[in-house]
Amino acid sequence: MDVEEGTENINLNTDIIDVRKTYDYLRKCQTHLVQSSEIATACVCQNLFKLDYPFGATRSDKDYLVANTVHDIMSICMGGPIFENWHRGLENYEQITKKIVKESSEIVNTIIKDTSEIAHRENRFVEDTFELQVNDIYNGLIMGMTRRLMKKHERPSRVLTEVTITNIKDHHEGRIDAILEYSNGYGLLDWKSYDLSNTISGREKWQLIANTLLANFRYRRSEDDWTGHNFSCIVHNSGVYFPKAETTRKEVERIKTNRKFAHMILCGERVRVQRPKFCPVCDKGLEGSKECLFYQRDARLAYEGKLPAQYEKMTKQFFAKRYAILKERAETHLHKHVVFSLISKHGEEEALRRLEKIGILCRGYSFDFDIDEKVVFSRADDNIPLEPRRIVRIIGIEEGKSILSCINEQASVMEVRNNKITLSFRSKIAVRRAKRQLFHLPIILLRDELNLTRSMLRPIHQFHKLAADVLIPAELLV
Amino acid sequence: MTIKLNPDQSRVLNWRIKSGGVAGVIGPAGCGKTTTGSFLAVKMICEGYAKNVLLVAFTNSAANEFARELSMVLGPEGSKFLCVRSGYAPGADPRLPIPFSNNIELVRAKKIVICTTQSLKRLSASIRFENMIIDEAGIERLEHLLSPFALGINQLGIHLIKENISYEANNIIELASKCGIVATVVGDPKQSRPIGLADYDLSAMEWVLKCARYDTLYTTHRLPDKLAMLVDEFADYGGLNSSPEIASRRFEAIHDIDENFIEILNPEVITWVNLNGNEMMAGPSSWYNEVEAKACVRICCELKRVAPSKSISIVTRYTEQRRTILKYLQHLDIESRVLTTTGALGTQADIVIFSLVRNNPERLVGALGSLQDLNVAISRSKEKLIIVGSFEMMLNGVTSSYNLNPRHKQNFPQKLARLVDKKYGMVVEAPKILYK
């Protein structure tokens, strides 16, 4: 008996040491992930990507309250009234639009009311026309869907909304607005709350294609396997945009090149920027162009050796700090890399067993009840290796899918008491969505981290500009 | 004003009221950093040295401390009239008389604004503060220190400044001072962790001290004499002393102490309970020690019984040990604060139980060996400090690469063990009941 217990202890320690070694090893590696939205920015102009990372120059302080509210509404209505009223080849689409809008009015009103309440509580500016704007955009999106999308495509067998997919192998992560599942494949939807015909950068298209690569990975375990892909489209205020299949394939290379570029920049490597012939931000003098020109001028003066020594010394400090912050950004993805690495090494079941032993993830939870944005789960025993404030990714295990591409939501731990754990979700809408598409699946809670690096980089950018104002001679600034 | 300042605090106040630029005030545990900061803000406004002052802290609880001190200095009506608490609404203490608002016009109209570092982005970039007081406790990133500075830049004056000081600023702090930022950073470099990922990096406070003028507060209003002496010698403050009114404060039990705990709960200020439990790994880098966790809970139970009015905190370096202790406390339905050394920063309690956790044949103390963590853990208590863990392990502990800080080449666990044993406390063997 003693011998058996001893062996078990040795095995336990070996398992734990193995996981810890993986952590130690990966901490020394680059664990960056590039978001689909960042790839799209790099596709527009690589300098624009650098403006976000590593410079930290936020281009806009706008509060996207209307757009976010519309996204929230669509994420709930998609699996409800829209799905239920989906008919292929409709002629009287206006009538169906009215029906969907009518049936979803309760959802829309509740979400508008909740969002306004939160915005007022946080003292954010809410326009008088907020409700009107949201309703207007929502009606436009529904009209676009009934007129174009429903005309072309069958009702899907299942709809998933706001799905975060992580592809560690290709350093790629993204959140897809909606995935429509069919017996023979899948389709992707992306909501835009503005009229696409007024945009010039093509950023939306690249984001959609980048997300399509993630969907390929989710369903076929390879981003280059297009066998299940039915369509990808952007539903916007005045219609639906379907990129041609040839366009999509052609742009994939561009996506991959810019993903590699973005990853290399995040890893701190020196990469020569390919500036496009026309940049929709700088050449049009839009928001952010001043910042972009500032860093371009900085680089030019440094190349010409005209920068004062003190300024150069100070900018070196700034860049050292910026890359330290980027290293932290990489650390926020560490747990996911460990999961991937262990699964590759030991297979999924064994990897999960080891990770559970060390407390990186926990299984066996079932949904108890929810109040507002709080959800209570319970499990058979009281050994819950999580503490309040810990951020977790709640993953619903789907058969045949890689664990990091299964349906998931992020939440923070509020309370752990005996065999119950209370999680706080981002919003009531997130809870509602999770109840519909996540909680009925076997649940895994995986440790996760928040990425706050953008706000960390911002003061460094401000001081960089200040140093330039003070230390660079006026004649060089002209 | 009902609060009196000690000579150290008055000296700092008189110095900072008239001097500009960025400066530091070092305050070891319980020396009244928050009090000094709050008084400074009030004095600046009342005597017309500044039109508005920003008080910034890293955590909501520290920001609430500023608000509490201000309401004591100004009274409920005065603080309501002059001050506003801004930032994250649920984090603000509603019991305090200072109103909460993020409304930019209201914030602009008030003289003293209290906010957390993370919430500064809610304040408009168009507001400029003539003076700011920054509580450094908890800041582990340079950008957290820089973000309040950005609200103090005198943009209009930069071109005038440029005429005179071009090419003179060599670092960010000098640059900030030259650009019209007036800020007092209050903190303790011996309690703060390094900014950045490297353990040998400077802390935010050290960063300020390296490039700016500073003064030190030496009188603690929290630690009784022996504990003040231990902390002073352990962290090399160079003269930390206990204020006369609390120097002789000692723990006294109301009820009879169980015979198993008589040695532990003696009137000595510092007691080390030598207990040998096995450490266990958990998570990517955490540890726990079941025997120690149970022992801490048992001591806590006994303390609750014999001195029910006393506040008790259990402090540990490891999150996993905190979780384990909390689990046992919940089983027994006992309410008590269990904090990690990071969370304990800025807190205090009548009695503090410090669980060491680490105990292994290789004598590797790991992250427990850092000056900052040990210093925070031993400097929280107002009456009694109980250290629970292997004395021999700490006395012969090997500090790992974590502690290869070129500025602090000392074996701190060993230093602590020696100081407690030889000079300021007593080491007692754990009674058998603590092993059960």
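This text goes with the structure placed above it.
This section reports on the structure supplied with the text. Note on numbering: residues in each chain are counted from 1, in written sequence order. A letter from A marks each chain and a number from 1 marks each ligand, given out in the order of writing. Selection of residues for local features in this predicted model requires a pLDDT of at least 70, selection of side-chain atom pairs for listing and counting requires 80 or more, and totals for whole chains, interfaces and linings are taken over all residues. The side-chain numbers reported here are obtained from all heavy atoms of the structure, hydrogens and water having been left aside.

1. Describing the overall build of chain B
Working step 1: A run of DSSP states H or I qualifies as a helix once it reaches four residues; a run of E qualifies as a strand once it reaches two. Both are numbered from the N-terminal end. Helix and strand content of chain B: 15 helices and 17 strands.
Working step 2: Taking 22 Å as the expected radius of gyration for a compact globule of 436 residues, we find that chain B reaches 23 Å, a close match to that expectation.
Working step 3: Seen along its three principal axes, the alpha-carbon backbone of chain B occupies a region of about 70 × 45 × 40 Å.
Working step 4: A 1.4 Å probe rolled over the protein chains alone gives each residue an accessible area, and that area as a share of the maximum for its type sets the label: buried under 20%, exposed over 50%, partly exposed in between. Counting the 436 residues in chain B, one finds 62% classified as buried.
Working step 5: For chain B, restricting intrachain contacts to residue pairs at least 6 apart in sequence, the fraction spanning at least 24 positions comes to 76%.
Working step 6: Residue burial considers only the protein chains on display, and all accessible areas are found by Shrake-Rupley using a 1.4 Å probe. Accessible surface computed for chain B: about 16,800 Å², of which carbon and sulfur atoms make up 52%. Just to be clear, the radius of gyration here is over C-alpha atoms, and the globule rule we use is 2.2 Å times residues to the power 0.38. Two residues qualify as a contact provided that any one of their heavy atoms is within 4.5 Å of a heavy atom in the partner residue.

2. Here's the deal with the sheet that holds strand E9 (residues 391-396) of chain A
Residue and element names in this part refer to chain A.
Working step 1: Taken in spatial order, the six strands close into a barrel running E7-E8-E11-E10-E9-E12, and their pairing is antiparallel. Here the strands of the sheet are splayed against their neighbours by 50° on average, with no regard to which way each runs.
Working step 2: Two strands qualify as a pair provided DSSP detects at least 2 bridges between them. Here strand E10 (residues 408-417) runs beside strand E11 (residues 420-425); their pairing, made up of six bridges, is antiparallel. In the sheet register, valine 413 faces E11, and the bridge partner there is leucine 423. Comment: axis = line fitted to C-alpha atoms, over the contacting stretch for helices; angle = value between 0 and 180 degrees taken between N-to-C directions.

3. Details of the nonpolar core
Working step 1: Core analysis: the largest hydrophobic core is formed by 85 residues, its most contacted members being A:Phe463, B:Val22, B:Leu54, B:Ile134 and B:Phe149.
Working step 2: By residue number, the principal contributor to this core is helix H15 (residues 453-471) of chain A, which donates nine residues.
Working step 3: Definition of nonpolar core: a set of buried residues of the types Ala, Val, Leu, Ile, Met, Phe, Trp, Tyr and Cys, connected through side-chain atoms within 4.5 Å. Counting 70 residues, the second-largest nonpolar core is a separate cluster that includes A:Tyr23, A:Ile358, B:Leu230 and B:Leu419.

4. Side note on the sheet that holds strand E16 (residues 381-389) of chain B
All names here are of chain B.
Working step 1: Taken together, six strands build an open sheet; the order of strands is E14-E13-E15-E16-E10-E17 and the sheet is parallel. Taken across any chain shown, the strands that pair with only one partner, and hence form the sheet edges, are strand E14 (337-340) and strand E17 (426-429). Shown here is a sheet whose adjacent strand axes are inclined to one another by a mean of 25°, direction ignored.
Working step 2: For strand E10 (residues 270-274) and E17, the ladder comprises four bridges, and the chain directions are parallel. Counted as the bridge partner of asparagine 274 is glutamate 429 from E17.

5. Section: the layout of surface pockets
Residues and elements named next belong to chain A.
Working step 1: Taken as a whole, the second largest pocket encloses approximately 1,200 Å³ of empty space.
Working step 2: A cavity here means a set of 1 Å grid points, computed over protein atoms only, where a 1.4 Å probe fits but cannot escape. A pocket is an open set with protein on both sides within 12 Å along at least 5 of 7 lines, and lining residues have an atom within 4 Å of a point. Lining the second largest pocket are 27 residues; nearest its centre among them are Lys50, Phe55, Arg270, Tyr295 and Ala299.
Working step 3: Of all elements in the fold, only helix H3 (46-55), helix H10 (289-304) and helix H11 (309-331) reach the threshold of two or more residues within the lining of the second largest pocket.
Working step 4: In terms of residue count, the dominant contributor to the lining of the second largest pocket is H10 (eight residues). Grid points are joined across faces, edges and corners, and a volume is the space filled by probe spheres set on the points.

6. Let's talk about helix H1 (residues 7-18) of chain B
All names here are of chain B.
Working step 1: Between the first and last C-alpha of H1 there are 18 Å, a value that for twelve residues agrees with the 16 Å anticipated at 1.5 Å per step.
Working step 2: Restricting attention to buried positions, one finds in H1 the residues Asp8, Gln9, Val12, Leu13, Arg16 and Ile17. Down the axis of H1, the sector holding all buried residues measures 155°, keeping them to one side. Counted as exposed and oriented over 90 degrees from the buried face of H1: Pro7 and Lys18.
Working step 3: Buried residues along H1 sit in contact with strand E1 (22-26), helix H2 (33-46), strand E6 (183-187), strand E7 (213-216) and strand E8 (219-220).
Working step 4: Where H1 begins, the side chain of asparagine 6 points an oxygen toward the backbone nitrogen of aspartate 8, at a separation of 3.1 Å. Each helix should span, by expectation, one fewer than its residue count multiplied by 1.5 Å. What the arc measures is the spread of directions leading from the helix axis to the C-beta atoms. In the analysis that follows, any N or O atom pair within 3.5 Å is treated as a polar contact, provided that within protein one partner can donate a hydrogen and the other can accept it, and provided that, for residues neighboring in sequence, both atoms belong to side chains.

7. Regarding the environment of B:Pro413
Residues and elements named next belong to chain B.
Working step 1: By the secondary structure assignment, proline 413 is in helix H15 (residues 412-424).
Working step 2: Take proline 413: its relative accessible area is 0%, and that puts it in the buried class.
Working step 3: Placed 358 residues apart in sequence, proline 413 and leucine 55 show a C-alpha to C-alpha distance of 36 Å.
Working step 4: Here proline 413 is in contact with Val365, Gly369, Leu374, Met394 and Thr399, once residues within four sequence places are set aside.

8. With respect to the packing of helix H13 (residues 371-378) of chain B against H15(B)
How two helices pack is summed up by the angle between their axes together with the distance between the axes.
Residue and element names in this part refer to chain B.
Working step 1: Contact pair H13 / H15: the axes reach a minimum separation of 9 Å and the direction vectors enclose 30°. On the basis of their axis angle, the class for H13 and H15 is roughly parallel. Touching Leu371, Leu374 and Ile378 of H13 are Phe412, Pro413 and Leu416, all from H15.
Working step 2: Three categories are distinguished: nonpolar for Ala, Val, Leu, Ile, Met, Phe, Trp, Tyr, Cys and Pro, charged for Asp, Glu, Lys and Arg, and polar for the others, with Gly belonging to the last. Broken down by class, the residue content of the contact of H13 with H15 amounts to six nonpolar, no polar and no charged. Each angle receives one of four descriptions, namely roughly parallel if under 35 degrees, roughly antiparallel if over 145, roughly perpendicular if within 65 to 115, and oblique otherwise.

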